[in-house]
Amino acid sequence: MTDLGAVATPSLLLDHARVTRNAARIGERVTALGARLRPHVKTHKCVEVARLQTAGHFGGITVSTLEEARAFAAHGFDDITYAVPIEPGKFGGAVALAASGVRLSLLTDDAAVPGPLGEAARAAGVTFDVLLKVDCGYHRCGVDPEGPALVEVAQRIGERSSLRFGGILTHAGHAYHARGAEAVAPIARQERDVMRSAAERLRTAGIEVPVVSVGSTPTVVHVDHLNGVTEVRAGNYVFFDLTQATLGNCTADDAALSVLAAVVHRDVHRRQVILDAGAIALSKDRGAADLDSGGGYGRLLDLEGRDLGLAVTGVSQEHGTVPVDDDALLARLKVGARVRVLANHSCLTAAQHAEYIVHDGPRVMDRWPIHRGW
Ligand SMILES: Cc1ncc(COP(=O)(O)O)c(C=O)c1O
C-alpha cells in the first residue's frame, strides 16, 4: 500500500472510515425519521461515495448538474432528481437522459415553464415527473407557499400529458446562518411545516402530492420529526467539514475531506510557511468566518490526522500562507514537508479536483474519480 507521504501534491484526500461512518449515521437517522433518503451527490460527484450513501436505501439520488445526472446514469443510477429549476436551454439534455431510460425528475417554480417543457417531452416521446419548488424561508428559489403560484404552477404541470406532477421540494439553505441545535431546530421545523401546509393546500385543491421533499444537512441533523415529509435530500453530511463543525452540526472528527499539501517555502523571520495548496486546491470559501475567524481557509493536520493548531490564513491561486509561531513546528515544516488542510466547505473543495485519494490513516486505499462539469 502507498503511503500518503508518497502522493503528489496538492491532492484531495478522503478518509474512508469517516465517510463510511457519516453515510451510515445519517442514512439510519433518515430511515428512523420515516422518510426515504435521496442523497444530494453534488457534494462529492462520485459514484463510489453515492454507493455508500444509497446502500440499504431505495437508490434514488439528487444532482445539481445534468453532467452529474449523465455520469451517475452511466453507472446504473436510474432514479434521479435534478434539483435546480429547469430552463429551456437544458430541455434537450434532460430529454436525452429520459430517452436513455432514466427516471428523471425536474424542478420548476415558474408557470411559464410547464408548457414548453411538456411540448419538448411530448415531441421526444418521453415523460417527466416535475416537482414544484417551494420557498420555505431561504428566499433563493421557489414559490411563496401561501401565494397563488403554488396551486397555479402545480396545475400547469398537471395539464400536460407528457408531465406528471411529482410533488413539492424545498431546501432550507438559511439553516447555514444558524449555529447550534437551538438555532437550527426552529428552521428544521419551519422547513417541514411549510411543506406539510403546502401539501395540504394542494390536496385541498384536488391535486395529488406524491413527494414532499426536504433537505439540508443542518436540518436533518437537528429536526425532531418528519411526519408528512416523504423524502430527505441532504448532501454535505457525507463529508461534513469545518463549517458544519463550527455551526455545531458535527464535530471536527467527522470531517472526512482534506487536501494534501507540501511546504514550498519557509520564512523563519516572518515565521510562516507557504503551501502548494491555494485558492484552486482549497477553494476560497472561508467557512463560518463570522463565527470562527481563526479557521482561515482551512486548519492543518499532520499525515496521521493530528491537529497542528495552524491554519491557512491567505491564498493566491496556487499558494497558501500559514503563520507558524511555534519554533518546533517551524523547524519541522521545512520545504517538502507534507500536511493536510481540512476542508472548510467540502462541496466546493471537492469540485476543484479530479479524484479522491481514499485513505485509511496514513495509507492510500483507492482512487475514486470526480465527475465535474455542467
Ligand atoms: C436544492 C438542494 N437540495 C439539497 C441540498 C443539500 O443540502 P446540504 O448540502 O446542506 O445537505 C442542497 C444544497 O445546496 C440544495 O441546493
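Residues numbered from 1 in each chain as written. Predicted model: local features only at pLDDT ≥ 70, side-chain atom pairs only at ≥ 80, totals over all residues.

1. Let's talk about the packing of helix α6 (residues 149-159) against helix α7 (residues 181-204)
- Remark: α6 packs on α7, axes separated minimally by 10 Å, with the N-to-C direction vectors making an angle of 60°. Taken together, the axis directions place α6 and α7 in an arrangement best described as oblique. α7 is crossed by α6, and the crossing has right-handed handedness. Here α6 contributes Leu150, Val151 and Ala154 to the contact with α7, which in turn contributes Ala198, Arg201 and Leu202.
- Here the residues of the contact of α6 with α7 are counted per class, giving 5 nonpolar, no polar and 1 charged. (Axes fitted to C-alpha atoms, helices over the stretch in contact; angles between N-to-C directions. Helix = DSSP H or I, 4+ residues; strand = E, 2+ residues; numbered from the N terminus. Parallel < 35°, antiparallel > 145°, perpendicular 65-115°, else oblique. Left-handed = near helix turned anticlockwise from the far one by under 90°. Contact = placed C-beta atoms within 7 Å. Nonpolar A, V, L, I, M, F, W, Y, C, P; charged D, E, K, R; others polar.)

2. Considerations on the environment of alanine 354
- Residue position: alanine 354 is located in the loop between α12 (346-350) and β17 (355-360).
- We classify alanine 354 as exposed; it has 11 C-beta atoms within 10 Å.
- Sequence spacing of alanine 354 and cysteine 46 is 308 residues, and the spatial spacing of their C-alpha atoms is 10.0 Å.
- When near neighbours in sequence (up to four residues on either side) are disregarded, alanine 354 contacts Pro369 and Ile370. (Buried ≥ 20, exposed ≤ 12 C-beta atoms within 10 Å, placed from the backbone.)

3. Here's the deal with the site of the ligand
- Around the ligand sit His40, Thr43, Ala83, His171, Gly215, Ser216, Thr217, Arg233, Ala234, Gly235, Asn236 and Tyr237, and that is every residue in its neighbourhood.
- Here the residues of the shell around the ligand sort into 3 nonpolar, 8 polar and 1 charged. (Near = placed C-beta within 6 Å.)

4. With respect to the domain arrangement of the protein
- Segmenting the protein into domains produces domain 1 (4-12 + 250-369) and domain 2 (17-238).
- Between the C-alpha centres of domain 1 and domain 2 there is a distance of 33 Å.
- Opposite the 11 residues of domain 1 that make contact, domain 2 presents 12 residues.
- Elements that contribute at least two residues to the side of domain 1 that touches domain 2 include exactly α12, β17 and β18 (363-369). (Domains from an automatic or database assignment.)

5. Some points on the sheet that holds strand β2 (residues 36-37)
- Read across the sheet, 8 strands follow the order β2-β9-β8-β7-β6-β5-β4-β3 without closing on themselves; strand pairing throughout is parallel. Two strands bound the open sheet, and with one partner strand each, they are β2 and β3 (61-63).
- Pairing of strand β7 (residues 163-169) with strand β8 (residues 211-214) involves 3 bridges; the strand directions are parallel. Residue pairing across strands places glycine 167 opposite valine 211, the latter belonging to β8. (Pairing = 2+ DSSP bridges.)

6. Notes on helix α5 (residues 114-124)
- Three or more residues of α5 are buried, namely Pro114, Leu117, Gly118 and Ala121. Down the axis of α5, the buried side of the element spans an arc of 100°, and every buried residue falls inside it. Exposed side chains of α5 directed beyond 90 degrees from the buried face belong to Pro116 and Ala123.
- Tucked inside the fold, the buried residues of α5 contact α4 (91-99), β5 (103-108), β6 (128-133), α6 and β7. (Arc of directions from axis to C-beta.)

7. Quick look at unusual backbone geometry
- The step from threonine 9 to proline 10 runs through a cis peptide bond, and the omega angle for that step is -5°.
- Looking at the secondary structure, you find proline 10 in the segment before β1 (11-15).
- Phi is positive for histidine 139, close to 65°, though the residue is something other than glycine.
- Mapped onto the elements of the fold, histidine 139 is located in the loop between β6 and α6.
- For histidine 139, a count of 10 C-beta atoms within 10 Å gives the class exposed.
- Despite not being glycine, serine 283 has its phi angle at roughly 85°, a positive value.
- Within the fold, serine 283 resides in the loop between α10 (279-282) and β12 (299-301).

8. Thoughts on the packing of helix α3 (residues 66-74) against α4
- Remark: α3 packs on α4, axes separated minimally by 10 Å, with the N-to-C direction vectors making an angle of 15°. For the element pair α3 / α4, the angle class is roughly parallel. For α3 against α4, the interelement crossing comes out left-handed. Contact residues: Leu66, Ala69, Arg70 and Ala73 in α3; Gly93, Ala94 and Leu97 in α4.
- Looking at the contact of α3 with α4, its residues break down into 5 nonpolar, 1 polar and 1 charged.

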